[in-house]
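So you can see what is in the structure, the chains are spelled out below.
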Amino acid sequence: MDQRRRRSIRNTLINLTIAAFVIFVVFNVVRENNDDQEPPQYEVPDTSNELRLSDPASASLSIEVDGEPLILVMSKQDNARIETADLRVISGDPQGEIDQVGWLHTSMSIQRPVEALAYANGHVYVGKTREGTTRPALWVVDLSDPRRPFEANLLNAEFPIRSLVASDDGFMVAAGFDGEILVYDTSQPNEPEKLVTFREDVALAPRIELFDRMLFLNHSAGVIVYDLSNPESPERIGEIEHPHWSEPDYTPEPHSFLLGEEGFNVNLPVDSYLDLSVQGGLLALASGNEGVELYRYRVGEAPEPVGDVSTDDRIASVMLDGNRLYALGARPDGGEHARFAIHSFDISNPAEPTALESTEIIAGLPRYQNVMARNGNVWILVNSTVYRHQESER
């Protein structure tokens, strides 16, 4: 009897062990498949000039890898849930279909949609936070093969990163939400190391741009300019103040997005610098209802005003591309959406810009918007849709 009972107990234990092993294997296979499975990407529209993403964008960037034009997009639902975000690599070939050629989930689940995105020397840099603005990290992605991006590193960050810019010269700058600035050495692209930190008094969380080792810090109420000829010793050389800046009444959180005219005015405030673009010697500022302000600068010298353009709508985003200026204007449409138009200008003589065309193109939520241009190819990103803008012949 005892022997029979022992045999029965032994068989039961064996069966339990086998069952547990099978459950473990099945669970890991399913989890691995889920990790490797490409997420829902987009709805294929009727036109070849649109790409609809499954989630709203929060950051975008036009780049080239080995001569191939690409668009990088970070996307995540702007809700309070802690979940992964997606890095999407989209073909920027003006002659081909708009298509997502590569993608990668963030390895760390996050709450706040990513706003900090930069690229240099074959690597993508992303600033992200686990919850709200806590547990900050710097995510490094190897993009040597855009169709197979992979995580190269995940580092702790000293503060939550709102904006990032990277240089092929081997350094990168990160801006926090409260005016903290950190300069990284990226001579080893997958191992950024701190060079120096400093702080600026800012009105709102800043966005930064970098060109010719000149750093432009836009905090809505103004633009602060630094000379980074020596990245280890940044030199403050000037500031541009918005002439009509007023403190906003409300700053939305990622999971409390506003719609209608209220949302339009909160997300695209009238008296603010909403965006900037820099190319050799010229700075363009999107100044809301004031249009676009143009400034000349030289390395090591503060910018000086040179010209401006005005439109009938609110300028939300700007991009300089050779002798062209592209301005993305927006106006409420009486409902939840806004109407967006591209205004293009010839700036061969920045003191006297010449209007070329203004094309009504799309209606969308003013949640995220950006205009990108490279070598005459113009792209617009509004909320969760990438549009290829077919410009007139030059």
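For the structure, check the block above.
Residues numbered from 1 in each chain as written. Predicted model: local features only at pLDDT ≥ 70, side-chain atom pairs only at ≥ 80, totals over all residues. Heavy atoms only, no water.

1. Notes on the overall build of the protein
Secondary structure assignment for the protein yields 2 helices and 29 strands. When each of the 394 residues of the protein is scored for burial, the buried share is 51%. Here the analysis covers contacts within the protein between residues at least 6 apart in sequence; of these, 48% occur between residues at least 24 apart. Put simply, the protein shows about 18,500 Å² of open surface, and 44% of that area lies on carbon and sulfur atoms. (Helix = DSSP H or I, 4+ residues; strand = E, 2+ residues; numbered from the N terminus. Buried < 20%, exposed > 50% of the residue type's maximum accessible area, 1.4 Å probe, protein only. Contact = heavy atoms within 4.5 Å. Areas by Shrake-Rupley, 256 points an atom, 1.4 Å probe, with all protein chains shown as cover.)

2. Some words on helix H2 (residues 260-267)
Those residues of H2 lying buried are Gly260, Gly263 and Phe264. Across the axial projection of H2, the buried residues extend over an arc of 105°, all falling on one side. Exposed residues on H2 whose side chains face more than 90 degrees from its buried face are Glu261 and Glu262. Packing partners of the buried residues in H2 comprise strand E23 (314-321), strand E24 (324-332) and strand E25 (338-346). (Arc of directions from axis to C-beta.)

3. So, the packing of aromatic side chains
Scanning the model with the defined rule gives 2 aromatic pairs in all. Centre to centre, the rings of Phe216 and Tyr297 are 5.3 Å apart; their planes meet at 70°, and the pair counts as edge-to-face. With Phe216 in strand E16 (residues 214-218) and Tyr297 in the loop between strand E21 (292-296) and strand E22 (304-309), this residue pair connects regions lying 81 residues apart in the sequence. The two residues Phe216 and Tyr297 agree in class, both being buried. (Phe/Tyr/Trp six-rings, centres within 6.5 Å; stacked < 30°, edge-to-face > 60°.)

4. Concerning the sheet that holds E25
Judged by pairing direction, the sheet is antiparallel, and its 4 strands sit side by side in the order E23-E24-E25-E26 without closing on themselves. At either margin of the open sheet sits one strand with a lone partner, and together these are E23 and strand E26 (354-364). Averaged over all pairs of adjacent strands, the angle between their axes in this sheet comes to 20°, without regard to strand direction. Bridging between E24 and E25 involves 9 bridges; their strand directions are antiparallel. Bridged to Ala330 within E25 is Phe340. Across the face of the sheet, H2 comes into contact with E23, E24 and E25 while running at roughly 145° to E24. (Pairing = 2+ DSSP bridges. Axes fitted to C-alpha atoms, helices over the stretch in contact; angles between N-to-C directions.)

5. Considerations on the environment of Leu164
Secondary-structure assignment places Leu164 in strand E11 (residues 161-167). Each C-alpha atom of the pair Leu164 and Tyr119 lies 9.0 Å from the other, and the pair is 45 residues apart in sequence. Among residues more than four places away in sequence, those in contact with Leu164 are Ala116, Leu117, Ala118, Tyr125, Val126, Gly127, Leu138, Met172, Val173, Ala174 and Ile208.

6. Let's talk about the environment of Asp178
Mapping Asp178 onto the fold places it in the loop between strand E12 (171-176) and strand E13 (180-185). Judged by its relative accessible area of 54%, Asp178 is exposed. Setting aside its immediate chain neighbours within four residues, Asp178 contacts Arg199, Glu200 and Val202.

7. With respect to the pairing of E13
Most of E13 is tucked away, with 5 of its 6 residues classed as buried. Two elements, E12 and E13, share 5 bridges in a ladder whose sense is antiparallel. Residue pairing across strands places Val173 opposite Val183, the latter belonging to E13. What sits between E12 and E13 in their antiparallel hairpin is a turn of 3 residues, with Gly179 showing a positive phi close to 95°. Pairing of E13 with strand E14 (residues 193-199) involves 6 bridges; the strand directions are antiparallel. The residue bridging Tyr184 from the neighbouring strand is Lys194, located in E14.

8. Looking at the side chain of Ser62
Among the secondary structure elements, Ser62 is positioned in strand E3 (residues 57-65). Residue classification places Ser62 among the buried positions, given a relative accessible area of 17%. When near neighbours in sequence (up to four residues on either side) are disregarded, Ser62 contacts Leu70, Met372 and Arg374.

9. Here we look at the sheet that holds E14
Sheet architecture is open: 4 strands sit in the order E11-E12-E13-E14, paired in antiparallel fashion. For this open sheet the edge positions go to E11 and E14, each flanked by a neighbour on one side alone. Between one strand axis and the next, the sheet turns by 20° as a mean value, whatever way the strands run.

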